[in-house]
4 protein chains.
Amino acid sequence: MKRPGFVEAAEVERGVNVPQSYRLVRRDARAERTVVRLRSGATFGGDEIAICAGPCGVESREQLEQAARGVAESGANVLRGGAYKPRTSPYSFQGLGEEALKMLRSAGDQYGLGVVTEVLDPRDVEKVTQYADMLQIGTRNMQNFALLREVGEARMPVLLKRGLSATVQEWLLAAEYILLGGNDNVVLCERGVRSFDVATRNLLDIAVVPLLEEMTHLPVIVDPSHAMGIARLVPPIAIASLAAGAHGLLIEVHPDPPNALSDGAQSLDCAQFEQLMRRLAPVAEFVGRRLPKRQATAGTNRNARPSMQ
Amino acid sequence: MKRPGFVEAAEVERGVNVPQSYRLVRRDARAERTVVRLRSGATFGGDEIAICAGPCGVESREQLEQAARGVAESGANVLRGGAYKPRTSPYSFQGLGEEALKMLRSAGDQYGLGVVTEVLDPRDVEKVTQYADMLQIGTRNMQNFALLREVGEARMPVLLKRGLSATVQEWLLAAEYILLGGNDNVVLCERGVRSFDVATRNLLDIAVVPLLEEMTHLPVIVDPSHAMGIARLVPPIAIASLAAGAHGLLIEVHPDPPNALSDGAQSLDCAQFEQLMRRLAPVAEFVGRRLPKRQATAGTNRNARPSMQ
Amino acid sequence: MKRPGFVEAAEVERGVNVPQSYRLVRRDARAERTVVRLRSGATFGGDEIAICAGPCGVESREQLEQAARGVAESGANVLRGGAYKPRTSPYSFQGLGEEALKMLRSAGDQYGLGVVTEVLDPRDVEKVTQYADMLQIGTRNMQNFALLREVGEARMPVLLKRGLSATVQEWLLAAEYILLGGNDNVVLCERGVRSFDVATRNLLDIAVVPLLEEMTHLPVIVDPSHAMGIARLVPPIAIASLAAGAHGLLIEVHPDPPNALSDGAQSLDCAQFEQLMRRLAPVAEFVGRRLPKRQATAGTNRNARPSMQ
Amino acid sequence: MKRPGFVEAAEVERGVNVPQSYRLVRRDARAERTVVRLRSGATFGGDEIAICAGPCGVESREQLEQAARGVAESGANVLRGGAYKPRTSPYSFQGLGEEALKMLRSAGDQYGLGVVTEVLDPRDVEKVTQYADMLQIGTRNMQNFALLREVGEARMPVLLKRGLSATVQEWLLAAEYILLGGNDNVVLCERGVRSFDVATRNLLDIAVVPLLEEMTHLPVIVDPSHAMGIARLVPPIAIASLAAGAHGLLIEVHPDPPNALSDGAQSLDCAQFEQLMRRLAPVAEFVGRRLPKRQATAGTNRNARPSMQ
């Protein structure tokens, strides 16, 4: 891929005239809100809520298949899973690389799920694009401008997670880099910011859901798993996020959380995820949206879900 | 009032053995969750959601009456309003003092609302108790131990707001001071913590709602007005808070926000509040609770509200 | 004491027109910088650095005497020690109250030291004034406006610690409350702010030393003990603070830190304090100031200190 | 360059067993402290303080030469300057790229200065290595693991800036990635962390200077320019940093700050830098170190500096 040239434009310092820099992402830059559509058919920003679920890291074919089947049966429409894992310590599990990408593609195809996975290195963008339906830019890379430029040139939707202490302004300008590269299909993902309190892993900034609805035409989803760090807190916060207007959720689900190689403490198991999905249906309706249709293969009867009224 | 003696007990340093210090507030210290009941009949922690609404500061009899009528007609059951205002600048409006307390009592009685108002000075506790139904400890005073001890001796429910950068641990231990003084009727109020981002006034930590449900038997409510600082964001965050399990809301409502002497930017007007209340009813039902019954004097037909289904 | 009436003035919201609210504390409100002088002769803001040292809490007559003798011999000119201790947990050591005030007065007189001690409750201001030479407003009470008004009416210097997450603006406006009450003798004390990193107890904001030098005529000192929470880090940070221009230091010194009832981990013992003072002398000279003269009773030979050149 | 394989090792979660992950960076992993030496002869971590100075971005040959001459004459030994600029907004000046690298090399050679410059993209590491003497990993890339691995394979010293909200633990583990790649020559650079207070651009965490001295054998320097964001505050904080034990400084110097394309507000001009260097000499001596020898070409008489005693 060609690397974009350097923009030679007027200086915009932090906090000074930045709103004028939201040229492409600002709400009034488009007549309509952006609806991001994956090849699999899943959409972000429309009437259908996007439910992205799956394990933190792809650990084995078996683990991934169990997770994919579980989340598909419960009504998720996008499979998440890390092939390249950004880890604080170099001695932590780093992911299975391209092998994991192949497993993700295969599991996605089998269960009718779109595939979202993180790309860490601009040199991997082309390869990941061959397997995934959506490229995730992780928290630590929100201002990795080389990577933003590379995914800006890709012809594939991007999930842009908020940086650990990124202001809303910085986050929108990171998205601006991607749109400026020619890629309009960006979804913003709130996943909690760094806090002084260790009670939860991060501090979920739920206010950005309605705030970004005003500021940008791009869809916004919430990742309650990384925000909480504690599985028990994920369901109520997932519910609250949809109620606040989020266009989707990103939820860690593992077939066997106690033995997960990463993020076990914050992962739901498949039964907990099924239970959560039943709770979410009426919340989606309350905000005038709907959950994804369950896959036929799932064999569960959607009508069996108890009405929330 | 007699001032309590100094507890001479084992040293408990920050972060060390603190959980053992949650003797009275911890969840398992009681068989049942605490339901705090005001003299007016309003409850916090039971099946009925508590809706506290009213102006930031009491500015005049006319302003308060308009606000009280408006919030009562829309279904609030507690009137909030500041008589003593803690203000960053000594040149800001400081509140009308005892005059405001009288107006609050009168408006509360007229519209069948409980009255919650902040007390700033331990010397004022006795006086405020004569007029109010609930004593508010504000954010800046969460660790004002002289004040905590004084309200611990009062025979009146206390609304304890979270400090600006207080950990959940520090907050619970502040409540412990009050319970240790003999006053079990404490309601915790999340109102956002200090953040690096100026996009909203504070950063609402919605996770504390389910977290405190586990940690303590005390009820928890949310103040979306101070958290957001922007009126437009208050309704979606109020909805999200109830959906997450909050036992109540504290909302700033002013009959004429553009001319408010304080917090105008974050105050709803009466029509906006009415609209919000209509949205909240199905959310309360979703979590297995209900909004307060509207007062007969309000003259509005509760059944007129559109179903949320 | 009479309590001041409520100022009825133009509204000044947070972040709006606040600089205009710095009427009395701003640098250009005075021709000269303020020099705060205790009855004992110690000064803050002049050519002589103020060295306030002593235990976190007064635990016994013996402990206090040992600490007072130690710090006096090493060249401190103000004795610190808590009689009323603000503690996160109600089960922690709360201080010895008036008994401790008497011990502080006695030890101060014996060793020629000024006495600074914290006051927590507006009702205690008059009593503490009888024993102390300087009233400390602690971190948790920086915006305890009832207390600020009360010490504003006292005729005694005030040490105003920065709040846990207070902006410089909020801190200066807290000082404005005291000056507006008629008390011009305010010293600001930086003691670290709340941080996301637990590596140190708080995050020392050393930049406020030169920043406040520009913004206000009031003196600024630094408390490295509470900022660090680790005794080993106190000396280098004390040195850096004086080098940055601080007018004084507040340092916790305990004759037997491992057995202290509070803050043992961050307290220097007397020998460590002596060593630190020897290091500080040349730093004071570098910024054109000098350490306090050692008391004759100290019996140590100031000339014995190794030159720093 | 070959890309390193994925380390397959025991899981180390955040906050769990992390100290064991400091295998290579921890203080006791080496008998001696690391002294990092550039090809130009400048050292970090030894008796000589490293003074890195120059403009934020290389804007033109003339601007860079003026800056290089100025800082060399005043006694700096390393030239800093950005060729690839990470900018919050894509519409800000992005740097001159390879053209700037050539200018940096040329100016470095002419004035006997080492050259440190930031690399943003793993694909640029090889190219930057051809021109620079030291590779800077910027704040936004502290956890850009692809980049850390790439510089870990480079045979050139690395300046690793602390992330915007990185804990000390995360920072050391980022360094561990580089050492694990085979590159031992890492210098840590504190540049302030994100804060709730906008009074300064960032909040300098000066405590890390003595803290890291204990925790790691790697040298630590301070960047007061990015921490302060205000040129007037840079000199006192530079002084304080050396007094606290920093092994060097990174200071923005621009020949014409009001017309700088970036960071003008925080840049010293050459005269201000000269003045600062005169103040720093006695501070270096106080901590038992010395400033770099001034270059003969500089034509200034070092002895002309006023003694600080």
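Here the structure is shown first, and the text comes after it.
In what follows, the accompanying structure is described. (Residues numbered from 1 in each chain as written. Chains lettered and ligands numbered in written order. Predicted model: local features only at pLDDT ≥ 70, side-chain atom pairs only at ≥ 80, totals over all residues. Heavy atoms only, no water.)

1. Some details on the relation of the copies chain B and chain C
A rotation about an axis combined with a shift along that same axis relates the two copies of the chain. The condition is simple: Copies are brought into register by a least-squares superposition over C-alpha atoms of residues with pLDDT of at least 70 in both. Residues are treated as being in contact if the distance between any of their heavy atoms lies within 4.5 Å.
Placing chain B over chain C gives an RMSD of 0.0 Å and needs a rotation angle of 180°, together with 0.0 Å of translation along the axis. In short, the pair behaves as if placed about a two-fold rotation axis. Closest to the rotation axis within chain B is the C-alpha of Ser165 of chain B, separated from it by 3.2 Å. The share of interface residues of chain B whose copies in chain C are also at the interface is 100%, consistent with both copies meeting through the same surface.

2. Regarding the packing of helix H1 (residues 61–74) of chain D against helix H2 (residues 98–111) of chain D
All names here are of chain D. Formally: Only the contacting stretch of a helix is used when fitting its axis, a line to C-alpha atoms as for every element, and angles between N-to-C directions run 0 to 180 degrees. Helix and strand assignments come from DSSP, with helices taken as H or I runs of at least 4 residues and strands as E runs of at least 2, each series counted from the N terminus. Should an angle lie under 35 degrees it is considered roughly parallel, over 145 roughly antiparallel, and from 65 to 115 roughly perpendicular; all remaining angles are considered oblique. What makes a crossing left-handed is the near helix being turned counterclockwise from the far one by less than a right angle; a clockwise turn instead makes it right-handed. Here the nonpolar group is Ala, Val, Leu, Ile, Met, Phe, Trp, Tyr, Cys and Pro; Asp, Glu, Lys and Arg are the charged ones; every other residue, Gly included, is treated as polar.
Where H1 meets H2, the axes come as close as 10 Å, and the angle between the chain directions of the two elements is 30°. When the axis of H1 is compared with that of H2, the two are roughly parallel. Like other packed secondary-structure pairs, H1 and H2 cross with a definite hand, here right-handed. Together, Arg61, Leu64, Glu65, Ala68, Arg69 and Ala72 of H1 and Met103, Leu104, Ser106, Ala107, Gln110 and Tyr111 of H2 make up the contact between the two elements. Across the contact of H1 with H2, the residue classes tally to seven nonpolar, two polar and three charged.

3. A word on the interface of chain B and chain C
Here is the rule we go by: Summed over both partners, the accessible area (1.4 Å probe) lost when two parts come together is defined as the buried area. Here a salt bridge means any side-chain nitrogen of Lys or Arg lying within 4 Å of a carboxyl oxygen belonging to Asp or Glu.
Every contact between the two is made by 50 residues of chain B and, on the other side, 50 residues of chain C. For the pair chain B and chain C, the two sides together bury roughly 4,800 Å², of which 47% comes from carbon and sulfur. Together, Tyr91, Arg123 and Arg194 of chain B form the three largest contributors to the area buried by chain B at its contact with chain C, with a combined 18%. The interface formed by chain B and chain C holds four salt bridges in total. Linking Arg194 of chain C and Glu170 of chain B is a salt bridge whose minimum nitrogen-to-oxygen distance equals 2.7 Å. Mapped onto the side of chain B that touches chain C, the elements with two or more residues apiece are helix H4 (145–153) and helix H5 (168–180) of chain B. In terms of residue count, H5 of chain B provides more of the side of chain B that touches chain C than any other element does, five residues in total. Its residues placed into classes, the side of chain B that touches chain C shows 20 nonpolar, 13 polar and 17 charged.

Any functional reading would require information that these geometric values do not contain.
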